[in-house]
Amino acid sequence: MRKPTATCSVSKRWGRWRFVRHRLSAGLILMVLSTEPAVAGPSPIHPDFADTAILAQLPNVRVDTAQPPSSPEALARQVRDYIQQARSTGDPRFIGYAEGILSPWPENRMTDELRVLRATLYQSQHKFDKARTDLRPVIQQGHGPQRLQALLTLANVQTVQGRYDQARTACQQLQQAMPGLIAQSCLALVDARTGQASEAYEKLLAGYRQARGAATAEQLWALGTLGDLAAQLDNDKAEQYWREVLLSNPDDLYIRAELADWYLQHHRAQPVLALTRGYEKVDSLAVLRAIAMRRLDHPDAASLVQRLRERFSEARWRGSMLHKRDYARFQLHVENNPELALEFALANWKTQREPPDTRLLLLAARDAGQTERSRPVRQWLARHHQTDARYPGDTP
């Protein structure tokens, strides 16, 4: 699912991260963190070095830590700013900065806005249960823009985890409180994942065409969702929808990765190089770029692959392999190690069940000659009547 930003947009995934920050007519700020990352990886650690050696030069980031915020409103502004910078740069340090100023804040002074922002941070770290815990009281007792944002964020979390009944409930509540393209997109995505992909696509497309006067953020959200549904149906219009989103919002790393992946699935590696140029520090995009380079026998492929090996090796050494999908994809399509790819794809699927997660697991199981291990996944797909043109043909 795509992810909302403080008003209604969901990355679907944080690296899957994804935010859309636009102020809507209702006064909301569409902000949703994706869970499928686009996360910039750190430089590798080398254990042998001189005491005076410079190990790495970090980007020049201005962080105001001299005076902690004195009011909930000031704190919320600063946390939102860090989240926005994380979204636009793919740099996870900004999530750490946001956590650093939010975590000391007294629980008895938490506002609805701060709870929603903390849930967004939890979502980016795949702490989905904690995110739900923060969102539920805002939905049950809150009102106005923060309740709408909480509903959208909860719908995203539930959809990402394949909890479609709960996601539908959140989408319906959002529709009752704020009818429009955001709620329509929310429901369309759930319908598409539960056996009604064609109907959901046609209904959302009709809604989009009838809502030309809607806020830009709503239109972009609908376009991104239409791209997702078109890809699920193997409709080439997916490319057009996603390109329109990127034309208006080039920093949408989630859509950028979705389009690059779509090109690779359609054996079009060359456009991937243009889409991912300059984004080598973002893990999801760097892996897609490495795959494209390998397919094209690009002279810089070996250098990028080595950097990714070091980056992933360090993440495993640190015990911070948060985004298992990227590593599984790297092992499957770059390192030709389907057995290891399957292990990480299975671990990833325990918490994230979006189509890219499912497709990767099914491909790894097939290529590893271990299709029996994907049986529970295929049973889950059948139970939800979920079909997707992106899945390998051995699925129901």
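Residues numbered from 1 in each chain as written. Predicted model: local features only at pLDDT ≥ 70, side-chain atom pairs only at ≥ 80, totals over all residues. Heavy atoms only, no water.

This paragraph deals with the packing of helix 4 (residues 128-141) against helix 5 (residues 144-160). Where helix 4 contacts helix 5, the two axes come as close as 9 Å, and the packing angle between them is 145 degrees. Pair helix 4 / helix 5 crosses with left-handed handedness. Contact with helix 4, carried on its side by Phe-128, Arg-132, Leu-135, Arg-136, Val-138 and Ile-139, involves Gln-146, Arg-147, Ala-150, Leu-151, Thr-153, Leu-154, Val-157, Gln-158 and Val-160 of helix 5 and no other residues of that element. (Axes fitted to C-alpha atoms, helices over the stretch in contact; angles between N-to-C directions. Helix = DSSP H or I, 4+ residues; strand = E, 2+ residues; numbered from the N terminus. Left-handed = near helix turned anticlockwise from the far one by under 90°. Contact = heavy atoms within 4.5 Å.)

Take the confidence of the model for the protein next. Residues of the protein with pLDDT of at least 70 account for 81%, and the chain-wide mean is 85. Within the model, pLDDT remains below 50 along residues 51-60, and this stretch shows three contacts once partners closer than five positions in the same chain are excluded. (pLDDT = per-residue confidence, 0-100.)

The subject of this paragraph is the environment of Arg-256. Turning to its location among the elements, Arg-256 is positioned in helix 11 (residues 253-265). Among the residues examined, Arg-256 registers a relative accessible area of 9% and is labelled buried. A C-alpha to C-alpha distance of 6.8 Å links Arg-256 and Leu-275, two positions 19 residues apart in sequence. Setting aside residues no more than four positions away along its own chain, Arg-256 makes contact with Leu-246, Pro-250, Leu-275, Tyr-279 and Leu-285. (Buried < 20%, exposed > 50% of the residue type's maximum accessible area, 1.4 Å probe, protein only.)

Moving on to the packing of helix 15 (residues 324-333) against helix 17 (residues 355-367). It is the contact of helix 15 with helix 17, at a shortest axis distance of 11 Å, that shows an interaxial angle of 35 degrees. You can see that helix 15 and helix 17 cross each other, and the crossing is left-handed. The residues of helix 17 that touch helix 15, namely those facing Arg-325, Ala-328, Arg-329, Leu-332 and His-333, are Pro-356, Asp-357, Leu-360, Leu-363, Ala-364 and Asp-367. Looking at the contact of helix 15 with helix 17, its residues break down into six nonpolar, one polar and four charged. (Nonpolar A, V, L, I, M, F, W, Y, C, P; charged D, E, K, R; others polar.)

Along the chain, Arg-87 turns up in helix 1 (residues 72-89). Here Asp-251 takes part through its backbone oxygen, which lies 3.3 Å from a polar atom of the side chain of Arg-87. (Polar contact = N/O pair within 3.5 Å; in protein donor to acceptor, adjacent residues only side chain to side chain.)

What follows is about the nonpolar core. In this structure, Leu-229 and Leu-308 are the most contacted members of the largest nonpolar core, which totals 98 residues. Not counting the four nearest positions on each side in its chain, Leu-308 is found in contact with Ala-286, Val-287, Ala-290 and Phe-330. With 16 residues, the next largest nonpolar core counts Ile-83, Ala-86, Ala-98 and Trp-105 among its residues. (Core = buried A, V, L, I, M, F, W, Y, C linked by side-chain atoms within 4.5 Å.)

For the rest of this paragraph, the subject is the state of the cysteines. Simply put, disulfide is the name for a covalent bond between the sulfur atoms of two cysteines. Scanning the entire structure with this criterion turns up one disulfide. Between the sulfur atoms of Cys-171 and its disulfide partner Cys-186 the distance amounts to 1.9 Å. The disulfide joining Cys-171 to Cys-186 has a torsion of about -70 degrees about its S-S bond and is therefore left-handed. A residue pair is termed long-range when its members are at least 10 positions apart, and Cys-171 in helix 6 (residues 164-177) and Cys-186 in helix 7 (residues 181-193) qualify at 15 residues. Exposure remark for Cys-186: the relative accessible area of 1% places this residue in the buried category. (Disulfide = S-S within 2.5 Å.)

With twelve residues, helix 10 (residues 237-248) should cover 16 Å at 1.5 Å per step; its first-to-last C-alpha distance of 17 Å lies within 8% of that length. All of the buried residues in helix 10 are Ala-238, Glu-239, Tyr-241, Trp-242, Val-245 and Leu-246. End-on, the buried residues of helix 10 take up no more than an arc of 170 degrees, which puts them together on one face. The inward-facing, buried residues of helix 10 abut helix 8 (197-210), helix 9 (216-232), helix 11 and helix 12 (270-276). (Expected span 1.5 Å × (residues − 1). Arc of directions from axis to C-beta.)

Looking at the element boundaries, Asp-326 is found in helix 15. Taking relative accessible area as the criterion, Asp-326 reaches 1% and is therefore assigned buried. Taking the C-alpha atoms as reference, Asp-326 lies 6.8 Å from Asp-283; in sequence the two are 43 residues apart.

Moving on to unusual backbone geometry. Of note in this structure, Asp-297 is not a glycine but carries a positive phi near 55 degrees. Residue position: Asp-297 is located in the loop between helix 13 (283-296) and helix 14 (301-318). For Asp-297, a relative accessible area of 68% puts it in the exposed group. Residues other than glycine seldom take positive phi values, yet His-385 does so here, at roughly 55 degrees. Its location among the elements puts His-385 in the segment after helix 18 (375-383). On the basis of relative accessible area, His-385 is assigned to the exposed category, the value being 57%.

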